[in-house]
Each structure stands twice: as C-alpha cells, then as structure tokens.
Amino acid sequence: MSDPMRIRAQAQGEKTTVRVLVSHEMESGQRKDAAGKIVPAWFIQNISATHNGKTVMSAQWGTAVSKNPFVQFSFKGGKAGDKIAVSWVDNRGDKRTDEAVIA
Amino acid sequence: MKLSLLGLAALAVLPLSAAAQKSTAEGIAEYRAMLADGNPAELYEAKGEALWKQARGPKNASLEKCDLGKGPGVVKGAFVELPRFFADTQRVQDLESRLLSCMEQLQGFDAAEIAKTNFGVGEQKTIESLVAYISGESRGMSFNLPQAHAKEKLMYEVGKKVFYLRGGPYDFSCASCHGEDNKRVRLQDLPNLTKQPSASLGFGAWPAYRVSSGDLWSMQRRLNDCYRQQRFPFPGYASDATIALGVYMGVNSKGGASTAPALKR
C-alpha cells in the first residue's frame, strides 16, 4: 500500500505553483541486496496533475528519478479554492491519486 | 604565452583558496535550501503521526498514552527536553529508548528484540517515522533539558567522558571532530558540539532525512554511524552510553532552536 503525497498549491496572480512530495521507493533495478540478488526495478512510470479535471502536467518517469521525489511545476490560471489532483502509476501497476485545494 | 598566462592565473588563485572554501560551504547551504522546500522528512512525519494514533502490537493499543516527559500523550515540546529522567523506568531516557519502553508497556512489543533489529527494517522503521513526527512537533522550540535530578547530572558527566574518550584503531574520540570550531570532513562543516551556538546546529538537526541513503535517521542511527566512522565497535541501540552522549550534547545546546527533522546531504 502506498503512502499519501504531500501537495501544496499556491496561486499568485495569473500563475499557480504546485509542489508535490511523492512517497515512493523508486528502486532503480541496479542495486543488489545483502544476498547479492538484484533488487527488481520499481518506479513511477507516469505522473500527471489535473486542475478542475483538466490535465495541466503530465510526465513519464524512469529509474533515474530519486526515491521520495519532489516535483514542482506551475501553470496559468487557477485560483484559490480550485481543486488540484495528482496521480501516478508505477511499473507494478500500483496507482495513487491525491487531491489538494489551491491556497 | 598561453601557458605562462595559465601559470599566472593559477598563482593568482592560490591565495584565494580560503574564499573558495567558504563558497563550497555556501554551495552546500544553497543545495540544502533547494531541497528543504520538499524535505521528504515530511512524509515520515505524516506516517509517524498516523502510527502514534494507530492501535498496534500484541496488546492492540496506540501510543497516545505514552509519557514522553510532559505527561501521557503530550507530544508538543517533549522533544526539546529529552533525554530526561523517567520515574517509572528509573532511567534517563532519550526519545528512542523512551519509545521502546512505551511500545513494550503499552503495545506489548519486545523492546530488546526491536533494539537488536537492523536500521530501516520492521519496527525500527516504525520508530524512524515516530521520531520524525515527535521531533517535528517541537520544530523551532528551544532546547531546555532538565538537569535537576541527580541521575540527569550524572548522565551529563558520563556523556562528557564518553565524548572525550579516545580509542579504536584511529585513536579517535567524538571530540576529535566535534570539539573545536571550524573543522570539516571533506566538504562538510563539523559543528563544535561542546558549546553554543554550534551545538544546537548539530544536535538540533537530528532526526533528519539523509538524501544519500534515502532514509530518515534518528539520533541513535546518527551516533551509530559516528562510531562506525571512528572504527569503534557499534554501541548498543538505546544503550546508556548513547543516551549519556545525548544528554551531554542536549544540555550543551540549551537555548538553541531545534530544526529537526532536518534535511542532510
């Protein structure tokens, strides 16, 4: 089971800045465990954000992204009280969506 | 001509090496500031708060009745007064050893078993999240460790002895690195833990999220790594020696602010 993301979104004039802290192992598939066996890759493949249901950011990630990654992006429009939803899907098919309200 | 110019340039740079050092420290500070915006310790704080309130263990109880020194269930402000003496266990305890007591008494876990577990595994993982939550509740508050009880005073003196104890293949002590101003290892500035304001800058930053290992480290894990670097045998988890060191550094940090859970490279 995955842990919730921490999402903060702030509107300033035209621009809304969204900062997301994602909780994920992001295993690169290159590490070996104590027994010398390769730890299988486990990482977020797709991450996207919607503002009132409309996609404002989407990205494809790979194994080079760090554990517990931090994402920051901004988009035009959006005002205090609007809803931001961020979703990810990893290579095991696990998925998670969390929501926040623009401050 | 080009070569001699280069030589001149190199000569000109030499006297500036002190200034270059300074900018390295500034560079690291800048890197930390960039990361601080999204300190993954926040994820552990959220997890720790949930774990504190969740009924767990053989007795299926939460930790909400755990007394961290300010009364059962009081979390805010408890961290900056630890380690302190606890009447029920008749021991001076730091945050981790106190949590072990609570997990044993309230939840029915085997404290000795958890103390033997490797860092980052099983219930040790639980403790890492708990210390993030508990220290985070005292963020910005000033250290004010009680020193009224005789055992607390004794632990301070023991901690001082341990801090200055030289040994191991390197003939090292904690004081070899942390007993003077302006020391560093590679590019990291080393805080002088014997006096303020540097003591609280060092002591007050742990627990912290360690980017290089992608884990949240408690003070116990930090001390364990200090001893690894000194090539000492590993100290026992939540042992009196480590708690005494906590008392020594904590009392030296009096008045300084806690920034835990902080972010480290």
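Conventions adopted
Residues numbered from 1 in each chain as written. Chains lettered and ligands numbered in written order. Predicted model: local features only at pLDDT ≥ 70, side-chain atom pairs only at ≥ 80, totals over all residues. Helix = DSSP H or I, 4+ residues; strand = E, 2+ residues; numbered from the N terminus. Buried ≥ 20, exposed ≤ 12 C-beta atoms within 10 Å, placed from the backbone. Pairing = 2+ DSSP bridges. Axes fitted to C-alpha atoms, helices over the stretch in contact; angles between N-to-C directions. Core = buried A, V, L, I, M, F, W, Y, C linked by C-beta atoms within 7 Å. Contact = placed C-beta atoms within 7 Å. Expected span 1.5 Å × (residues − 1). Parallel < 35°, antiparallel > 145°, perpendicular 65-115°, else oblique. Nonpolar A, V, L, I, M, F, W, Y, C, P; charged D, E, K, R; others polar.

1. Observations regarding the overall build of chain A
Of the regular secondary structure elements, chain A holds zero helices and seven strands. In sequence order, the secondary structure elements of chain A are arranged as β-β-β-β-β-β-β. Taking the principal axes of its C-alpha atoms as reference, chain A extends roughly 55 × 20 × 20 Å. For chain A, the residues scored as buried account for 22% of the 103 residues in total.

2. Side note on the sheet that holds strand 6 (residues 83-90) of chain A
All names here are of chain A. The sheet built from four strands is open, its strands ordered 4-3-6-7 with antiparallel pairing. Because the sheet does not close on itself, it has two edges, and the strands there are strand 4 (54-60) and strand 7 (95-101). Strand-to-strand twist in this sheet, taken as the mean axis angle between neighbours without regard to direction, amounts to 15 degrees. Bridge analysis of strand 6 against strand 7 gives seven bridges, and the strand direction is antiparallel. In the strand pairing of strand 7, A85 is matched with E99.

3. Comments concerning the nonpolar core
Residue and element names in this part refer to chain B. The biggest cluster of nonpolar side chains holds 68 residues, and the ones touching the most others in it are I134, A208 and V247. Top element by residues in this core is helix 11 (residues 240-252). It accounts for seven residues. Beyond its immediate sequence surroundings of up to four residues, A208 is in contact with A41, W217, A260, P261, A262, L263 and K264.

4. Examining the pairing of strand 1 (residues 6-12) of chain A
Residues and elements named next belong to chain A. Bridge analysis of strand 1 against strand 2 (residues 15-21) gives seven bridges, and the strand direction is antiparallel. When the bridges of strand 2 are listed, Q12 appears paired with K15. The loop that links strand 1 with its antiparallel partner strand 2 comprises two residues; one of these, G13, has a positive phi angle of about 60 degrees.

5. Considering helix 6 (residues 122-136) of chain B
All names here are of chain B. Taking 1.5 Å of rise per residue, the 15 residues of helix 6 would be expected to cover 21 Å, and the 22 Å separating its terminal C-alpha atoms lies within 8% of that figure. Where burial is concerned, most of helix 6 is hidden: twelve out of the 15 residues are buried. All of the buried residues in helix 6 are E123, T126, I127, E128, S129, L130, V131, A132, Y133, I134, S135 and G136.

6. Observations regarding the packing of helix 7 (residues 150-164) of chain B against helix 11 of chain B
All names here are of chain B. The geometry of helix 7 relative to helix 11 is characterised by a closest axis approach of 7 Å and an angle of 100 degrees between their N-to-C directions. One finds that helix 7 runs roughly perpendicular with respect to helix 11. Taken together, the residues of helix 11 that come into contact with helix 7 (itself represented by E152, M155, Y156, V158, G159, K160, V162 and F163) are A241, I243, A244, L245, V247, Y248 and V251. Looking at the contact of helix 7 with helix 11, its residues break down into twelve nonpolar, one polar and two charged.

Fair warning: the whole summary comes from geometry, so function is off the table for now.
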